[in-house]
Amino acid sequence: MHYLDHAATTPVPEEVARAMLAVLTERFGNPSAQYALGREAKALVDQSRSTLAGSLGARPEQVVFTSCGTEGDNWAIRAALCQNRRVGKHIVTTAVEHSAVLQCVKQLEREGYAVSYVKPDREGRITARSVLEAVREDTALVSVMLVNNETGAVFPVPEIAAGLKNRPALLHTDAVQGFLKIPFTVKSLGADYVTLSAHKIGGPKGIGALYIGGRAKNTLPLLYGGGQENGLRPGTEATAQMAGFARAVELRLERQEEIAAHLAACRDYARERLSAIPELRFVGPADAPHILSVSLPGYPSQNIVNDLDGRGICISAGSACHRGRASHVLTAMGLDKRTAAGTVRVSFGPETSFGDIDALADALLEHKNTRFPML
Ligand code: PLP
């Protein structure tokens, strides 16, 4: 199999699986329990949090575990609006956010909030200026992702943070695709809330984290229950997932530079191989090293994905998160219909080999040569 969909999810390395197995079978205590097994589990939660906080340059008490990136996004948005309820009911975001942000703010529109959606340019880039120009006196929240999951565009979060310094609006960034792919700390980003997810970096599914710092305070919980996560996120801690998340972070950090160089080499090699395919177009800037979006104009992306699947190659039609529907990202970029309809996303991980990319290039060329454009 040639797995080229690391932006959708990643394989869990054996070291991570082993760390999780030990927690599931031996160190399985409830962290709230009052005996040694419970205390051991509590220590494991604290240790996992410290590892994660360290990787962000944050303090452990600023990092709260969630069930996924989607939860982190929803929580940060609601918490910021609650904190800034006296500022107003206006939100600034971009038209190309992940659905975890877009669907949340759509719901908030139904609840009476006004939302400004900043559009990208044709390359898929967003300028800090266009975001800051949309900010009003009554803007309570600005939510701008760090790396776009479809195009790999990196957005200027630090510049936006600097522009918001003397304004009441809080800043949230969805850093799910940026975490450990492009270097940052919470200080360098300057955001008040930062969303992360484990399964994009070799961790398990079902665990994420939210950094709550900067000017964020009095955080509104999404759930009500026990006192876990400092009362902010009740529910018995997912100790195995936390340990797996932390181990995945450690493994990526140990090889951070090597992995970054490998991802960039994969992207550059793929660019070189794919540019030999007649009519193939590169879509978006691919600033981040692990995402490359390409189009065979007129060839429906779902057919490309199905054809390649038959050859053991996994890629994605746009984003894995909205299968079958026209991508809101490509639409916002103003791509013509044929190019948008033929766009697929290829994404790399530490396990990707040049052989995977050769297989992809051969399969795309054959698809183009043996099928007819339908649009
Ligand atoms: N944000 C971005 C940019 C993503 O790419 C994803 C997942 O694809 C998410 C949020 C949602 O993360 P999760 O799958 O952990 O809910």
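Nothing here was measured: the structure is a model prediction, and the numbers come from that model. (Residues numbered from 1 in each chain as written. Predicted model: local features only at pLDDT ≥ 70, side-chain atom pairs only at ≥ 80, totals over all residues. Heavy atoms only, no water.)

## Points about the pattern of salt bridges
Between side chains of opposite charge, a pair can form as their charged atoms come close. All told, the structure shown has 23 salt bridges when counted by the stated rule. Taken together, the salt bridges that share partners define one network made up of D307, R311, E366 and R371. (Salt bridge = Lys/Arg side-chain N within 4 Å of Asp/Glu carboxyl O.)

## Digging into the state of the cysteines
By definition, a disulfide links the sulfur atoms of two cysteines through a covalent bond. In this structure the tally under the stated criterion is zero disulfides. Free of any disulfide, C82 has its nearest neighbouring cysteine sulfur in C104, separated by 13 Å. Judged by its relative accessible area of 23%, C82 falls in the partly exposed class. For the unlinked cysteine C266, the closest cysteine sulfur is that of C314, found at 16 Å. (Disulfide = S-S within 2.5 Å. Buried < 20%, exposed > 50% of the residue type's maximum accessible area, 1.4 Å probe, protein only.)

## What about helix α8 (residues 239-254)?
With 16 residues, α8 should reach 22 Å at 1.5 Å per residue; the first-to-last C-alpha distance of 22 Å fits that figure. For α8, the complete set of buried residues consists of T239, A240, M242, A243, G244, F245, A246, A248, V249, L251 and R252. If you follow the buried residues of α8, they end up packed against α1 (14-25), α2 (36-56), β2 (63-66), β7 (193-197), β8 (208-212) and α9 (256-274). (Helix = DSSP H or I, 4+ residues; strand = E, 2+ residues; numbered from the N terminus. Expected span 1.5 Å × (residues − 1). Contact = heavy atoms within 4.5 Å.)

## Regarding the sheet that holds strand β9 (residues 281-283)
Strand order in the open sheet formed by three strands is β9-β10-β12, and the pairing between neighbours is antiparallel. A strand with exactly one partner marks an edge of an open sheet, and here the two such strands are β9 and β12 (343-347). Along the sheet, successive strands turn relative to each other by an average axial angle of 35 degrees, direction set aside. Across five bridges, strand β10 (residues 291-295) lies against β12 in antiparallel orientation. By the bridge assignment, S295 is partnered in β12 with T343. Packing of α9 onto the sheet brings it into contact with β9 and β10, and relative to β10 it is tilted by some 15 degrees. (Pairing = 2+ DSSP bridges. Axes fitted to C-alpha atoms, helices over the stretch in contact; angles between N-to-C directions.)

## Some thoughts on the sheet that holds strand β6 (residues 170-174)
Consider a sheet: its strands pair through backbone hydrogen bonds, and that pairing is either parallel or antiparallel. Strand order in the open sheet made by the seven strands is β2-β8-β7-β6-β5-β3-β4, with mixed pairing throughout. Two strands in the sheet have a free side with no partner beyond their single neighbour: β2 and β4 (114-118). Direction aside, neighbouring strands of the sheet carry axes that sit 20 degrees apart on average. Pairing between strand β3 (residues 90-94) and β4: five bridges, direction parallel. Counted as the bridge partner of V92 is S116 from β4.

Bear in mind that shape data such as this cannot, by itself, settle questions of function.
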